[in-house]
Amino acid sequence: MSKSKIVLVVDVSSTALQAAVSVMTQYLSHRLYNYPENQIAVVLVGTNNTDVSHLTGKSDHFNNIVISKPLLAGDKSLFDFIQDLPEKYGSDNVRVDLIPALEVAARLFHQEKAKTHWMSENRIMLFTDENGVISSNISYVAKEMNVIKPQIIFKLIGPDLEDSQNLSGNLKEMYNLCAEVEQGETLSTEDALTITRLYKTKKVRQTPTFKGCLEIGGGTKFPVHIVTKIIPTSHQQSLKMCGSTGETVVRDRVYHLKDENQTQIDPDCMNKGYRYGKTYIPISKVDASLMSMESEKELALICTTKRSNIRREELCGKHAYSVIPPPSDSTGGTGLAAFATALRDLDMVAVCRYVKKNDTAPKLCCLFPNVKSYCATLMMIDLPFSNDIKKAKFPKLRSEPLPEQISAIDKLIDNMDLSTKPEFKPSEIGDPSIQRRYQCVAHRALHPVKPLPEMDAANFFNTPKFEGVEDVAKECNQVFNIKIVESKIKKRTAGEMFSTDNVDFKTEIKKIKKEDISFEDLLGAGAKIGTTTPVQDFQLACTKLGVQPACEMMSEVITKLVEHQGNNIADCLQSIRQICVKESLFELFNKSLKEWFKSEVVKKICKEGSLSLIHKGECSSCPVTEVESECFIRGDELLQAMEEDDDDDLLDML
Amino acid sequence: MDSEFEDPFENEVEEEGSFSYISTLNGTLCVVDCSEEMLVKDSETGVSRAVLALEAIKATYCNKLISGSLDHLGVILCGTDTKTNDYDGLHVLLPLDTPDKTCVEVLQKTSNEFASGKFQFGRGQVYSPYHLLWTCNSTFTSCVKKLGSRLVMIFTNVSEPHNLDPKTRQLATTKARDMSELGITISIIPLPTLDGSMFEIEKFYSALVPDHEVTNPTKDIEDLSMRVHRRESKVRMTANINFVVNPELTIGVQCCNLFGEPAAKHVNLCSKTNQPVVTVSSVVRETDRAVLLPHEVYRSCKFGSETVIFSKDDVEQMKVRSDKGIYLIGFRPAGDIKFHHVAGKSTFIRPSEAVYNGSTDFFVTLLTRLQAREKVGIVHCVPREGTPGFIGALIPQLEERDEDNEQIRPMGFHIIRLPFADDIRKLNYEPSIEPNAAQVDAAKSLILKLKAKQFSANLLENPEVMQFNKTLEAIALEKETIEETDDSTKPDVESMNKRAGKEMSLFNDVAFPAGYSIPDECRKPDYKRVIALVQNRSREGTLAKVSVADLKLYCQGVRLKVPSNAKKGDLVEAVTKFLG
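Summary of the structure given here. The structure presented is a predicted model; accordingly, all values stated were derived computationally and were not measured.

Let's talk about the packing of aromatic side chains
How two aromatic rings sit relative to each other is set out by the distance from centre to centre and by the angle between their planes. Tallying each qualifying case throughout the model produces 18 aromatic pairs over all chains. Taking the centre distance of 6.3 Å and the plane angle of 15° together, the rings of Phe 199 of chain B and Tyr 205 of chain B count as stacked. Plain terms: the ring middles of Tyr 554 of chain B and Phe 578 of chain B are 6.5 Å apart, the flat faces sit at 80° to each other, and that makes the pair edge-to-face. Note that Tyr 554 of chain B is positioned in helix α15 (residues 548-557) and Phe 578 of chain B in helix α16 (residues 568-579), a separation of 24 residues in sequence. You can call Phe 578 of chain B partly exposed: its relative accessible area is 40%. Ring pairs connect the aromatic residues Phe 222 and Phe 339 of chain A together with Phe 507, Phe 512 and Tyr 516 of chain B, which therefore count as one cluster. Of note, Arg 307 of chain A hangs over the ring of Phe 339 of chain B, and the distance from its end group to the ring centre comes to 4.7 Å.

If you want it as structure tokens, here you go:
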């Protein structure tokens, strides 16, 4: 429809002129956004003067008709002109016969080259309240209009046209004219206003994307056409890049290596690289040709199956198609209808392989019946392949709802029942971003200097309201005990952190600045030597708490580490031994070491680092001799023997 | 083209739907027990359990390689003769890293050795499960990359490791608990025992993984690979989002995409050096080649003969914005959701207690009640801040398990995208002559003959993706031949004819009267005739006499590429050149 021509015939003597202006403004701005190439003419009738200079040929029998705008692409001046109509002609007009104006309109089409194109249509829209006289021959004009190709679509728009049965006088005559014109239609002003209020995307001609046969095995073939039923609509026009005054711009792409010189690369000297683990595998054009598949255009049945085997959530496609018989093939249509009806009766679907064109990737599709009272056809949707389905495992959700929880949920479901709101049907909600784009473009075109308007709330889907739903929600909140989890770390803004009146924070800083930090302050009250940095903790504890309690603490930690086979035992042993030697705490150390020594790990560490019992050579008061100490790390048996010997020796000495 | 250089405005429609995820790497360590029981060949199949495990791990590696993901994998053998970190009986076969092709080779080699009875690393040694867990833990902690999830998978058929003393048992249990607190998941994959007795998880492993679900062991390699794959891809891609039932009632949910495979991404490489190529793009004024800065680039659109211009800020203002979240609108009977109202991939949601306590209870109760009452929710779903969002249906799904107690479907809601009114086209249907009962009955018997009882969408693989993967793999591994892809979508015409030949001819007899012929436009082009014709004419040297339509058909038939608007002269030239 992008090459259409529209002639607006406006009866300026009409009482509904203001309403007509509103309809025209809305209609034209939809039209110009959808089809910028449309040509629009305005013919005024009922004016005091006459100006038909735009017509070629004999035109002297026309009176009170002005061709204000010839057939031209629409722009802002057209809208300004329409806006000014009531002011200019509201009082300055006469009631005349409208039929000659239609003749003028028809002749405007005539003088254009009559080239039939599927993208073009001719349109006459007559805005009137029809209270004038009709003296001309209606059938003559109708005949005149009907000969023009492509056929004229004639719309009569005026008040009181709702009830076509009870029309009187001139209105009835005009109505008859509509009936005589092959594509005539009447519309009341109110209806026209409602229709043009919401922006609608342009209509798309129904063209088959596939013509072929649905093949079942080698035996049965149904001739079919496939037409698109559902397709994601993009915006009517994409926003093209341009300079600040609308000048053309182009995108420049440069390819270079990541080296120092940024060596430029010719786009022809590039291969695509696909990730394979850590590396990229280059795929040359020859390799790429190996990857493409050879396939032949077809729609072939693979199997039939129960409808319940197709899971709704698994469908990933964005398109749905209608599979219909070719027009004018009624026999084939009946065959397809029989197949569709049988599928419906059995509640089954047909799984098919679909190749749209030769050498394109085959798709998996599912055909299911679409049976209406007057025809039975099939619908087609894409099915996922096994690659499309991720097999993820999730932990079980454990919950045993209480009876009051169940009843609260039931109340919620009953309350928010959308079947009581017929006006809210998901499939009837328009895409708000499409409406918004139109709103902004139309606004900017008609008011170039004004800022963009706010989003029109009416264009966004309005969710239905349910009475008393708040109470039910509150009840649910209560029975399920839903609470916001308080974040453990209190978030503070930078302002709070650095503000000088923040008392808490100031004291915190003070605390850190205190010079005499005690061990408790650093590690918290009741702190113990930790297992992560035991050596450092131990050294700190020695200076702050005294050696004896620190060593006791440390030996406890080592016991724990030995139990859990920590990896820093060696360092711990080394440091505690040093301190114990220095402070003559040999009893504590030797006693503990004997305990720890039962562990294989400690044994190994002691052997490697020759860490043994503290002996006389190190602490003079220690009863353990150097030999005993050495024997200790060498082995249990020797030590035991020695210990026994020891006792004897001592006795002997005494 | 690299996505980062794409025009952000042009992409806006595409972006609106997808959820943004916290994308992180997954880390998985596979542990294969090399105890005597694992290495003995099965009396039926002749394949040992360890080989089975290695094959399943290899399949996981191959999957990872092909998918091009950067996830980390590693393999540890236990019960070997070698030492790792001074611990006896452990051998790190493959360190935790992004896999490359050598990994597959190592796995293949090891698997072959195991199969032929050679054990390079020794076998059947005693090892401590505590040391094993300790090694796993330290492998994870020493990994430089930040891992989003960490999983240890233990393949074994020994219910209780040998020579297990109470102390080691205690230590292992404690270690396992510590690891689970650190977010490391341990999963046991039981393999069939030798004597056919049950794998008793209670003996030892249930202490490591208290809430482990017991599944029946399997001997089937595909089944095993599938289980490994399921576990491995278990904890993935979650985004937290609020589910707003009403301003008074909000719960927290997590969402993830379970369906739809993203297309393979590529980078540009220099064909000489195979170095990656950087693309720099700029916007240039056509008249004087001046480079425009981003704020100097405006957008334009036609409105009649006017050109409407928008600045970058205007374009931002033109976007429809909603706050991120899932907003419940109401409930409808499940039957109201039309099968063909498709608008893209669905999203799976599960409750999350991270922000709202009590979310799980509410979620599960709502789900079970909707399921019981055969209703669905209608929601306005805004996956990203500042996008308009879409209308979706909440479809409840209960948990389903197979006979081996393996989870097939998890519990949760699917949010199905519904099309907007603008996306649905109004079509004109021509009234058709109603079929008679005999015709419908014949169709019924034909349909029933061709019925597949167990059809499900995951039976057939995408031949295009398979072909791509196989070629990529062949090039990567420098294979000489590329494995043939058999197109799984090709119908088995022969057996269909055999099964339902009678029904087909019966249906043809009742539905299509004698003398009926398929309209020309729906017939398959007769390539044979055209090829013969063109060859004859070419021999005679009168190629110019063949009609344009036939020439085009010939090019199609012999897969000769010509521009669609080619003139007769061009066609003749192309065909002559083609025929030599």
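A look at the interface of chain A and chain B
Each partner contributes to the interface: chain A provides 208 residues, whereas chain B provides 204 residues. Both faces considered, chain A and chain B share a buried interface measuring about 19,200 Å² in area, 63% of it formed by carbon and sulfur atoms. When the buried surface of chain A facing chain B is broken down by residue, Tyr 276, Arg 312 and Lys 393 of chain A rank first, second and third, together holding 5% of it. Taken together, the connections running from chain A to chain B amount to 13 salt bridges.

Re the pattern of salt bridges
Counted according to the given criterion, the structure contains 38 salt bridges over all chains. The closest approach of N and O atoms between Asp 80 of chain A and Lys 76 of chain A, which form a salt bridge, is 3.3 Å. Of this pair, Asp 80 of chain A and Lys 76 of chain A both sit in helix α2 (residues 76-89), four residues apart, which is roughly one turn of the helix. By relative accessible area, which is 22% here, Lys 76 of chain A ends up partly exposed. With a closest N to O distance of 3.8 Å, Glu 478 of chain B and Lys 101 of chain B form a salt bridge. You can see Glu 478 of chain B sitting in the loop between α12 (463-476) and α13 (493-511) and its partner Lys 101 of chain B sitting in helix α4 (residues 101-115), a full 377 residues away along the chain. In the salt-bridge network here, residues are joined through shared partners; they are Asp 410 and Asp 414 of chain A together with Arg 369 and Arg 373 of chain B.

Each value, and the rule that gives it
- Each chain carries its own residue numbering, running from 1 in the direction its sequence is written.
- All chains are assigned letters beginning with A, and all ligands numbers beginning with 1, in the order in which they are written.
- With pLDDT at 70 or above as the cut-off, local features in this predicted model cover only qualifying residues; side-chain atom pairs require 80 or more to be listed or tallied, and sums for whole chains, interfaces and linings still use all residues.
- Side-chain figures throughout are based on the complete set of non-hydrogen atoms in the structure, without hydrogens or water.
- What counts as a ring pair is set by centres within 6.5 Å for rings of Phe, Tyr and Trp (its six-membered ring), and what kind of pair is set by the plane angle: stacked under 30 degrees, edge-to-face over 60, tilted for all other angles.
- A run of H or I in DSSP becomes a helix once it reaches four residues, and a run of E becomes a strand once it reaches two; helices and strands are each numbered from the N terminus.
- Relative accessibility under 20% of the residue-type maximum defines a buried residue, over 50% an exposed one, and the middle range a partly exposed one, all with a 1.4 Å probe and only protein chains included.
- Any Lys NZ or Arg CZ that is within 6 Å of a ring centre and within 35 degrees of that ring's normal is treated as a charge sitting over the ring.
- The contact criterion used throughout is that any non-hydrogen atoms of two residues lie within 4.5 Å.
- Accessible area that two parts lose when put together, with a 1.4 Å probe and added across both, is what the buried area reports.
- For this document, the term salt bridge refers to a Lys or Arg side-chain nitrogen within 4 Å of an Asp or Glu carboxyl oxygen.

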